[in-house]
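Letter by letter, the chains look like this.
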Amino acid sequence: MKHWLSAFRLRTLPLAVSSILVGSALALLANHSWPTYRFSGAVLALALLTAILLQILSNLANDLGDHQHGTDNKERVGPQRSVQSGAISAAAMKRAMIICGVLAFISGCALITMALGFSIPTLAFLALGLAAIGAAVKYTFGQNPYGYAGLGDVSVFLFFGIVGVCGTFYLHTETFERLVLLPAAAFGMLSAGVLNVNNMRDIVNDAASGKRTLVVRMGSKTAKTYHALLIVTGTLCLILFAAIAFNQWYEWVFLLALPGFVVHLKRVLTNTEPRLLDPQLKTLALTTFLTAILFSLGLILA
C-alpha cells in the first residue's frame, strides 16, 4: 500500500484543491452580496473529490509516462518513481489509471448534473471534464505527450486557475463574473510556478531525455525571470481583487503568506545548482495552498 500512496503523491493534493476552495469562497461572497446567487456545500464536496481524483490520475500517468519515455532514470532528481523502481508494474499502473479515470468521470458527472441539471451548460462542463481527464493523462503519457513539447505550463494555468476557480464559481452560482478572473489567473500562475520549479530542477535530465519543457526551451536564466513574473503577477492579481472587493483591513489576511513567496523567490533566483531546487517545490506548493486558505478566509469575512 505504501508504494501506491507514494505513486499518488499526496503532497500534490493541497495544490489541486486550492482553486476549488477559492472558487467556492467567491461563490459564498456572491451569495452574501446577491441572494439570487447560491453556495452549495454538496458542490464544494464533489468538486474537491473530482479535483483530487484528477490530480491522482495525473500523477499516475506521469509516473508511467516518464518511465516509458526514459525520462525516469538514474540521473533524475527527486523521489524515485514507483514504476521506475519496480515497486509497481506498468500493467498495474495502467489499471490504476483506468480506475481513477472512471472514478473522476463519475464524480464529475455527479457534480455537473447536481449543480446544473440537464442543460446546455451541462454539456459544456461535460466537455471540460473530458478535457481535464485527457489533460491529466496526456501530460507525459502516450504518444506525443504535450508536456514533452513545453505546453505543461499552459495546461496548469488553465485547469488549476481559470477552469478551477471560474468553473467552480459557475457551478455554485450558474453565472460568471469578470472579477473572478483575477483570483483565477492568480492561482493559475502560482500553480504554473510550481511546475516551473520542477522543470528548473530537472532541466539537465529533461534536456538529455528529449523532454522539451518550457525551461529547457528558454534556458535556466530566462526561466528564473519567467518564474519571478509568475509569482509577482499572481500576487498582484490577488491584491488588485482585494482592492476592488474588500472593505475591511482584516479581509487582507492573505498578505500574511506573502513573505513565503519573497523567501522562495530569493532562493530560486540565487540558485546555481538545479538539484538544490527540490525543497522549493514543497515550499511554493504549501505557500500557494496557505494563500488559498487565507484568501478564502478573507472572502468569508467579507
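Residues numbered from 1 in each chain as written. Predicted model: local features only at pLDDT ≥ 70, side-chain atom pairs only at ≥ 80, totals over all residues. Heavy atoms only, no water.

## A few points about the overall build of the protein chain
Across its full length, the protein chain carries 13 helices and zero strands. Listing every helix and strand of the protein chain by position from the N terminus yields α-α-α-α-α-α-α-α-α-α-α-α-α. Against the compact-globule benchmark of 19 Å for 302 residues, the protein chain has a radius of gyration of 19 Å, which places it among compact chains. Seen through its principal axes, the protein chain has C-alpha atoms that stretch 55 × 45 × 30 Å. Residues counted as buried form 52% of the 302 residues belonging to the protein chain. (Helix = DSSP H or I, 4+ residues; strand = E, 2+ residues; numbered from the N terminus. Rg over C-alpha atoms; globule rule 2.2 N^0.38 Å. Buried < 20%, exposed > 50% of the residue type's maximum accessible area, 1.4 Å probe, protein only.)

## Considerations on the packing of helix H8 (residues 181-201) against helix H11 (residues 220-245)
The packing of two helices is summarised by the inter-axis angle and the distance between the axes. Direction vectors running N to C along H8 and H11 enclose 160°, while the axes themselves pass 8 Å from each other. It follows from the interaxial angle that H8 and H11 lie roughly antiparallel. Considering only the axes of H8 and H11, their crossing is left-handed. Its residues placed into classes, the contact of H8 with H11 shows 18 nonpolar, five polar and one charged. (Axes fitted to C-alpha atoms, helices over the stretch in contact; angles between N-to-C directions. Parallel < 35°, antiparallel > 145°, perpendicular 65-115°, else oblique. Left-handed = near helix turned anticlockwise from the far one by under 90°. Nonpolar A, V, L, I, M, F, W, Y, C, P; charged D, E, K, R; others polar.)

## A short note on the packing of helix H12 (residues 258-269) against helix H13 (residues 278-301)
At a minimum axis distance of 10 Å, the contact between H12 and H13 shows a crossing angle of 160°. One way to sum up the angle between H12 and H13 is to call them roughly antiparallel. When the axes of H12 and H13 are compared, the crossing they make is left-handed. Here Gly260, Phe261, His264, Arg267 and Val268 of H12 lie close against H13, whose contacting residues are Gln280, Thr283, Leu284, Thr287, Thr288 and Thr291. A breakdown of the residues in the contact of H12 with H13 according to their chemical character gives three nonpolar, seven polar and one charged. (Contact = heavy atoms within 4.5 Å.)

## Re a nonpolar patch on the surface
Taken together, the side chains of Ile98, Ile99, Val102, Leu103, Phe105, Ile106 and Leu130 define a hydrophobic patch exposed on the protein surface, amounting to about 660 Å² of accessible area. Sort the elements by how many residues they give to the nonpolar patch and helix H5 (residues 90-116) lands first, with six residues. Secondary-structure assignment places Ile106 in helix H5. (Patch = residues over 30% accessible without salt bridge, like charges linked within 9 Å, V, L, I, M, F, W, Y side chains within 5 Å. Areas by Shrake-Rupley, 256 points an atom, 1.4 Å probe, with all protein chains shown as cover. Salt bridge = Lys/Arg side-chain N within 4 Å of Asp/Glu carboxyl O.)

## What to know about the packing of aromatic side chains
Each aromatic ring pair is characterised by the separation of its centres together with the angle its planes make. Tallying each qualifying case throughout the model produces ten aromatic pairs. Ring geometry for Phe125 against Tyr170: centres 5.5 Å apart, planes inclined by 25°, an arrangement best described as stacked. Of this pair, Phe125 sits in helix H6 (residues 120-138) while Tyr170 sits in helix H7 (residues 152-173), and the two are 45 residues apart along the sequence. For the cation-ring pair, Lys211 lies above Tyr148, with the distance from its terminal atom to the ring centre recorded as 5.3 Å. (Phe/Tyr/Trp six-rings, centres within 6.5 Å; stacked < 30°, edge-to-face > 60°. Lys NZ or Arg CZ within 6 Å of the ring centre and 35° of its normal.)

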